[in-house]
Amino acid sequence: KNLGEAALVNSDSALELEDSSAEGDSSASSETSASEDAKKTSGTTDIQSSDDYFATARLNREEARDNSLAILQKTVDDPEASQEAINSASESITAMASATLQESKIESLITAKGYEDCVAFIGDNSVSVVVKAKSDTLASADVAKITDIVVGETKFAASDVKVIAADS
């Protein structure tokens, strides 16, 4: 339900939907409500809470990056921006792309080791990995495996890696 709302907020069709609703034409909003009701009755929105966490975390991470990227791209495309600002924005875009690839690789490698799901967040000074393990807890051996993967895929030291078990 929230995914559709987020897409509408950032699109031109959201304006059309708001305009038609404001004029008393509720057919567009009725169609949206009907499709959401159909999804609810078909069970597509019945996701386990921990699975929902991982999907939501990935979506939030992607949306935040998209917003940051749009701002940085405006700076790069701005003909009045200084060369220093353009260079800084370009470096940030490159760093974001690198972090995105590293997070994806880390998540793939961790799930390949037999963990049900995970999501990685690379920051400026640390990496956090939230893991859904089979037994709802992570033993020290699990943390060591995950930390080893993160250290191997990034420039961070083991002390900069935070591994968190997701509650199911």
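What you see as residue numbers is a count from 1 along each chain, following the sequence as written. The model is predicted, so local features are restricted to residues of pLDDT at least 70 and side-chain atom pairs to those at 80 or more, both for listing and for counting; the totals for chains, interfaces and linings are taken over all residues. Based on all heavy atoms of the structure, the side-chain values leave hydrogens and waters out of the count.

*Asks:* Could you give an account of the pattern of salt bridges, naming the residues involved and the relevant values?
*Replies:* For this document, the term salt bridge refers to a Lys or Arg side-chain nitrogen within 4 Å of an Asp or Glu carboxyl oxygen. Per the counting criterion, the structure on display carries seven salt bridges. Close ionic contact of E107 with R61 constitutes a salt bridge, the shortest N to O distance being 2.7 Å. Of this pair, E107 sits in helix α5 (residues 83-112) while R61 sits in helix α4 (residues 49-77), placing them 46 residues apart in sequence. For the residue pair E107 and R61, the accessibility class agrees, reading buried in each case. E103 is the salt-bridge partner of R65, the closest N and O atoms lying 2.7 Å from each other. On the criterion of sequence distance, the pair formed by R65 in helix α4 and E103 in helix α5 is long-range, its members being 38 residues apart. In this pair, the class of R65 matches that of E103, namely buried. Salt bridges here are not isolated pairs; linked through shared partners, they connect R58, R61, R65, E103, E107 and D117. Helix and strand definitions follow DSSP, with helices as H or I runs of at least four residues and strands as E runs of at least two, each counted in order from the N terminus. Relative accessible area decides the class of each residue, using a 1.4 Å probe on protein chains only: under 20% of the type maximum gives buried, over 50% gives exposed, and in between gives partly exposed.

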